[in-house]
Structure formats: structure tokens, C-alpha cells
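# A closer look at the structure
The lines below spell out each chain.
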Amino acid sequence: PEAITVAELANRMAERVADVVKSLMQMGVMATQNQTIDADTAELIIEEFGHKVTRVSDADVEQVIEQVEDSEDDLKPRPPVVTIMGHVDHGKTSLLDAIRNTKVVTGEAGGITQHIGAYQVTTDSGAVLSFLDTPGHAAFTSMRSRGAQVTDIVVLVVAADDAVMPQTVEAISHAKAAGVPMIVAINKIDKPAANPTKVRTDLLQHEVVVEQMSGDVQDVEVSAHTGQGLDELLEAIALQAEILELKANPDRPAQAAVIEAKLDVGRGPVATVLVQNGTLRQGDIFVVGEQWGKVRAMENDRGERVKEAGPSVPVEVLGLNGTPEAGDVLNVTSTEAQAREIAEYRAQVAKDKRAAAGAATTLDQLMQKA
Ligand code: GDP
Ligand code: MG
């Protein structure tokens, strides 16, 4: 155990708090139930009550969440996860909206309202594609640095009346660093000043050779305003996905990545996750970053309640004990104790790191003064 409150220690041992407090007193430690005692004291108490001390380690965490390698037979095709990137004002949001509006089936009255930061569409040829709404460039890299690589395909939006700009270049380098294939959407083709050829030649300077330039990066002329080229863009994505042969095993405990998370006043912590492997089900117990929980309810991208979510499906999850961070990875565990222990262990490791960083700074400051 790490530093732990008296109440939590009692809870974990399934002993009465009063008995633990009494035991502590006999050891000369005065502590009320909400006070924290150090790991060594906790260990003495645990032994005193005749329980076994188990220290969680990195290895334990890995063992619990390390997933068995899926055999080739278990793997089924999964939809690609697509992120739209590009320079500001080149039409990322407009394009996402246009795709959503043309392709998402509107069952409910009032049309489509955006529920969560990701959505799925079905192309005319029947391919399912998952789009991430959120990641701008910073989100893309910070998610990657937290261990979640959620994007399979980057759609690079370049405005035909503006061509390659600094954030276009940045997006190209992010996609390349992540090893994610790109498709170029030459947007605003409806504008009189549109010059798609300039976009294509500009891109050459950045080692992006589109098909029209005899390269292998697909390029599609689109207009988020008129809808021109949108179907073609979606089919280009579907084709790229086919080449990637994306697969996952739906028949295993889920692993998912947090796309966004917030503390909702009415509903508590909520996280939008994208399932990466396995199937996430209502009732599943999980650890996610330094938090844990049990799936109380799930909603899909149309705000409908769902009982399960398979690979590449985005869902909003209720039932967390705290708010995780975008990029945190969710793993289903078999017991609540496991989930809780891993979450607490990670929180402790993070805390120790911060403390160490703090100590280092103080030492630095001292050295500088001396
Ligand atoms: P973002 O910053 O990349 O998300 O760009 P937005 O989607 O906010 O679009 C920036 C501006 O370009 C807005 O005024 C849009 O209405 C406009 N815009 C986006 N796509 C098109 C397009 O295909 N044609 C035209 N004419 N304007 C567009
Ligand atoms: Mg935008």
C-alpha cells in the first residue's frame, strides 16, 4: 500500500474503521478516519489484522492490463479513425460539419445535434468511418505523448485560395511523425480564387506528392459549402482504410482511449472514449489513467443509450470516480480491487514524480543562490 487514509485501509481489509483506529492508538499513532497514514504504518496494521500485504508495482499493472496477443483468427476488420488537420480557417470545422450533416442518418426530430467529440458515418459504398472532432494539432500530439495513438488516417485540409500555410506544414510533420497516412482535401474549391494546382505544387516542397503529381497521396477537391467532392473524399478515406487492413478483436475486454472528459454537474465525471480493441459493455469495471470506474451507462454519437461499443466506436461513458485526461487509456479489469489499485498506484507514482520534480527545483534554486 501507499499512503492511505484510515477509512480506506479499513475498507480494503474489510475491517471496522473503529478497530483500525484502536489498533493505531495502541501503536501510538493518533489518527481519525480521514487522516492519512504512511505506507509502513499501514503495513504494520495490515499484518496486525492478519492480512497479506500486497504492494502494487509497475509489473503488476502491466500484468493486469497487458493484453494477450490476439490471434489472427480473432481479428475482424474495424472502421478507420480519421482526424482532420490543417491551417486555421482552411475549413476543418466546416468539413466535419458538412460530412456529419450529409451522412449521419437523422432519426430524431430536430436533426443532428452534436453529442460527443467524435462521430461515425457510413459512405454510399457501405464503409463505416469514425471521425474525431476534437484533436487540433496540440491535442493530437498530447494524446500521442500520453500513449494513445487514436488516429489511423489524417485528412489534411488545405484551402484552395490560400495553399500551404505554417499549420499545414505542422500537420504534415505530425502525421509523418506518427506514421499516419494522409489524404489531402483541397477545400473551398467553390471560390473564384481557388487554385488547386498551387496547393499541389506547394505540397511538393514538403515532400507530400499527391496522385495528381504522380505521387501516392490521394488528393480530392472539395467544398464544405456546396458539398462538392465530399462523397469522393469519403471513398478515398475508405480506400486508404482498406489498404491499411485495420483490424481488432471484438471478443475481448476493451481497451479505449479518452478523447475528452469533463465533470458534468448533473452526471458526474463523463468521458468520451474511442474503443481501440475489444468491446466495452455496460457494467464493465475499468481503470483509466489515474481513475477507475464501472460503466454505468453509455451513449453513442447520436445521444442514444447503448449497452456495448466495439472497436473504433466512440461512446460517452458514465460511472467514473474522477475525471481522466484526454489521451488516457482505459482498460477493463476483472475486479474492482484491481482497477482501484492500479489507479491509486498510478496516482501515487505521479505524485512522487511531482514531488521529485519539486525537490529538484528547490535544490536547483539553492545551488543557484549558493
Ligand atoms: P477551421 O478554422 O479550419 O475550422 O475553418 P472553418 O471551418 O471555421 O472555416 C473558416 C471559414 O472558411 C469560415 O468562414 C467558413 O465558412 C469558410 N469555409 C469553410 N469551408 C469553405 C468552403 O468550402 N467554401 C467557402 N467558400 N468557404 C468555406
Ligand atoms: Mg475550427
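- The name given to the chain in an unreviewed UniProt entry is Translation initiation factor IF-2, and the organism recorded there is Thalassococcus halodurans.

### A word on the pattern of salt bridges
- The final tally for this structure, using the stated rule, is 13 salt bridges.
- The partner of Asp202 in a salt bridge is Lys198, and the shortest N-O contact between them spans 3.1 Å. Placement of the pair is Asp202 and Lys198 together in helix H8 (residues 196-204), with a separation of four residues, close to one helical turn.
- Classification of Lys198 as partly exposed rests on a relative accessible area of 40%.
- As a salt-bridge pair, Asp301 and Arg302 come within 3.9 Å of each other at their nearest N and O atoms.
- The structure contains a network of salt bridges with shared partners spanning Arg200, Asp219 and Glu221.

### Re unusual backbone geometry
- Despite not being glycine, Ala14 shows a phi value in the positive range, around 60 degrees.
- Relative to the helices and strands, Ala14 resides in the loop between helix H1 (6-13) and helix H2 (17-26).
- The backbone of Asp89 sits at a positive phi, close to 75 degrees, despite the residue not being glycine.
- Taking the relative accessible area as the measure of exposure, Asp89 reaches 62% and is therefore exposed.

### Overview of the nonpolar core
- Within the largest apolar cluster, 26 residues are counted, with the highest numbers of intra-cluster contacts made by Ile84, Leu95, Ile99, Phe131, Val155, Leu233 and Ile237.
- For this core, the secondary structure elements donating two or more residues are strand E4 (81-86), helix H5 (92-103), strand E5 (118-122), strand E6 (128-132), strand E7 (153-159), strand E8 (182-187) and helix H9 (230-244).
- Looking at this core element by element, the count peaks at seven residues for H9.
- Membership of the second largest hydrophobic core comes to 22 residues, among which are Val154, Val164, Ala178 and Val210.

Parameters and conventions
- Residues numbered from 1 in each chain as written.
- Chains lettered and ligands numbered in written order.
- Predicted model: local features only at pLDDT ≥ 70, side-chain atom pairs only at ≥ 80, totals over all residues.
- Heavy atoms only, no water.
- Salt bridge = Lys/Arg side-chain N within 4 Å of Asp/Glu carboxyl O.
- Helix = DSSP H or I, 4+ residues; strand = E, 2+ residues; numbered from the N terminus.
- Buried < 20%, exposed > 50% of the residue type's maximum accessible area, 1.4 Å probe, protein only.
- Core = buried A, V, L, I, M, F, W, Y, C linked by side-chain atoms within 4.5 Å.

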